[in-house]
Structures are given as structure tokens and as C-alpha cells.
Amino acid sequence: MQMRRSVLMVLVIVFALVASGCSEKTTDEKPTVVIGSKLFQESYILAHMAAIMLEDAGYKTDVIEGLGGTFVNYEALKKDDINTYVEYTGTAYSQILKEPPLEVWDPEVVYTETEKGLKETDKILIVSSPGFEDAYAIAVKEDWAEANNVTKISDLKEYASQMTIGTDPEFATREDGLPRIKDVYGIEFKDYKQAVATVMYEAIRIDDVDAISAYTTDTRNEVFDLRVLEDDKNALPPYDAIYIMTEEFATNNPDAVEALKKLDGRIDTDTMRSLNYKFDVDKMEPRDIAREFLIQEGLIEA
């Protein structure tokens, strides 16, 4: 009887130790980080860039390419359906936080107010700033611009009422888009057509629209021989790229924050444009583009 008790006690102790070890392993296991993206190539590339950096830090990842526009991604982030994505300061400032336009747009002020507002309003943190701006702009075909001596947005005033503009799914109606152009320049286009970026650019290439709401880092501006017009009245805000994350997830996963912080200041506008070129022209996969860049930068090993 005594022997059976001793054996039973040993088994209980062994079981407890094994269970304790399993529990410790589960606690130390890093979660899968879900990464959202918007509806264009740059967002795909940056999502995969984050994924690779996080994987290098020991996380599993799940990238959702083309999850949706600003509010789809932002609401998903707040609900923990995704854990990070790339937003832009001007978009967060004007669309998410609903802050009024500044008399003179200052990128540092917009960044600071965005950082403060996101944290106070929704406990969302900026965890990395890659270092480039992808601004909205109005672009037209180069030959038309040359023939009509159009170099800046204000030059469109006598033509806009006869023009159709192609926009991404947001620019036509958001406050920092066409409504802002109308308020500042007194310009209203005859019509607009909304589409994802790829379709928008294709529309101007085949003359289905006369102008588009271009992205300044998009190489299709050069490939399709477009002229990006000067925003001579400073109507449009700065749009610096930022990775954002909930405060709770960041606090619980400091290694994830540290992994993304390694991307701080690594990408200037020309670099981002060259990465987009590899997607649009060279037809490379976004993950391959991201991985190649990170290896070149010495951020991961080949």
C-alpha cells in the first residue's frame, strides 16, 4: 500500500512538472501577427515587409492583401481583426481624427497631432515611420499638359468643367480630396469615376478619363507619361507613411514593435517608387520585392 502511494505521488509530481512546462511553453509562444493592407501595390509591399521583419523576430504572420480602404483597415485594427497596417499621416489626421485643415500644412505638426490624436482617441500607436511620403496629386497626360500649358492645379480652372477625373475609392468624396480641391481652387470636375488604383491608372492610359488622383510614389506616372501637377495653393496635406498598432498589442508584444522599428527611416520617396516599379513593370510578387529590399539593407539574412 505504501509503495502504491509512493508511485502515485511520483506520478502526480511528474504530471505537474510536465503540465507546468507545457504551460510555460504556451505562455512564451508568440502570437500570429495579422497584417492588413490597402488596395494598391505599395501597401502590399509594406505589409509583406512588416511580415518578414516579424517572422525574423520569431512571429508567425498572416498578410491580408487588399483588405480595403482606410476605414476598413482602421476598424479591423481596433477590433483586433488585424494587428498592424500602414496608414498615412494626412489621411489619419483628416479622415480618422477629423481634424480641420491647417492654414499652412506642416508635416511635423500633422505627424505630432496624428500621433497624439490616435493614442488619445483609440489607444492606437505609431510604431514605425519608414521615412517616405506618398502624397495625393492630380495628374494629366503629358502631351495634353504640354499643349495647354498646364503645370499646376490652378491651371485646370478653365478646363475642369469639361473633364472627367478618375480617383481611387476614397479621394472623390473625402474632405482632403476633391472637396478640398473645390474649396481651395474653386475647381469642380464634370464627373468622376472611382476605382482601385490599377483600374484608375489604366483608365487614363486608355483615355477613359482626363485626369486622375495620382500617388506621388507611383511609377505609373512615368510609365504612362503623366504630368503630376504642382499643388500651388498647398491644398493637400502631407501623407507620411506610418505603421500603426493598438497600444494593448504593442505592450504585450514588445518584440513586434522592435522588429518594425528597424524600418524607421529606411525608405525614402525615390526608394519606394523603385519598389513600386518592380511590382508594376517587372511584375514581381510583393513579398519578393520586400525580401530583396530587406536583404539589401542588411535587415535580414539572405
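Structure report, in brief. A quick note: this is a predicted structure, and the numbers were derived from the prediction, not measured.

A closer look at the side chain of Asn 253
Among the structural elements, Asn 253 can be located in the loop between helix H10 (247-252) and helix H11 (254-261). Given the relative accessible area of 7%, Asn 253 is considered buried. In this view, Asn 253 contacts Pro 31 and Tyr 59; residues no more than four positions away in its chain are not counted.

Details of the nonpolar core
Within the largest apolar cluster, 72 residues are counted, with the highest numbers of intra-cluster contacts made by Leu 46, Met 49, Leu 156, Phe 189, Ile 212, Tyr 243 and Leu 294. In terms of residues, this core owes the most to one element, helix H2 (residues 41-56), which gives 9 residues. In contact with Ile 212, not counting residues within four places along its chain, are Ala 137, Ile 138, Ala 139, Ile 165, Gly 166, Met 200, Tyr 201, Ile 204 and Leu 226. Counting residues in each nonpolar core, the second largest holds 14 residues, with Ala 76, Leu 118, Ile 242 and Ile 244 among its members.

Focus: the sheet that holds strand E6 (residues 164-167)
Taken together, the 5 strands give an open sheet; going across it, the order is E7-E6-E8-E5-E9, and neighbouring strands pair in mixed fashion. The sheet terminates laterally at strand E7 (191-194) and strand E9 (226-228), the two strands that pair on one side only. For this sheet, the mean inter-axis angle between neighbouring strands, taken without regard to orientation, is 35°. As paired elements, strand E5 (residues 136-141) and strand E8 (residues 211-215) share 5 bridges and run antiparallel to each other. Of the residues in E8, the one forming a bridge with Ile 138 is Ser 213.

Definitions and cut-offs
- Residue indices follow the written sequence of each chain, beginning from 1 at its first position.
- Predicted model: local features are reported for residues with pLDDT of at least 70 only, side-chain atom pairs are reported and counted for 80 or more only, and whole-chain, interface and lining totals are derived from all residues.
- As a rule here, side-chain values come from all non-hydrogen atoms in the structure, and water together with hydrogens is ignored.
- Secondary structure is summarised from DSSP: a helix means a run of H or I of at least four residues, a strand means a run of E of at least two, and numbering begins at the N terminus for each.
- Under the scheme applied here, a residue whose accessible area is under 20% of the maximum for its type counts as buried, over 50% as exposed, and between as partly exposed, the area being computed with a 1.4 Å probe on protein chains only.
- In what follows, a contact means two residues having at least one pair of non-hydrogen atoms within 4.5 Å.
- In these notes, a set of buried Ala, Val, Leu, Ile, Met, Phe, Trp, Tyr and Cys residues joined through side-chain atoms within 4.5 Å is what counts as a nonpolar core.
- Pairing between strands is defined by DSSP: at least two bridges between them are needed.
- For helices, the axis comes from a line fit to the C-alpha atoms of the stretch in contact; other axes are also lines fit to C-alpha atoms, and the angle between any two N-to-C directions lies between 0 and 180 degrees.

None of this, on its own, says anything about what the molecule does.
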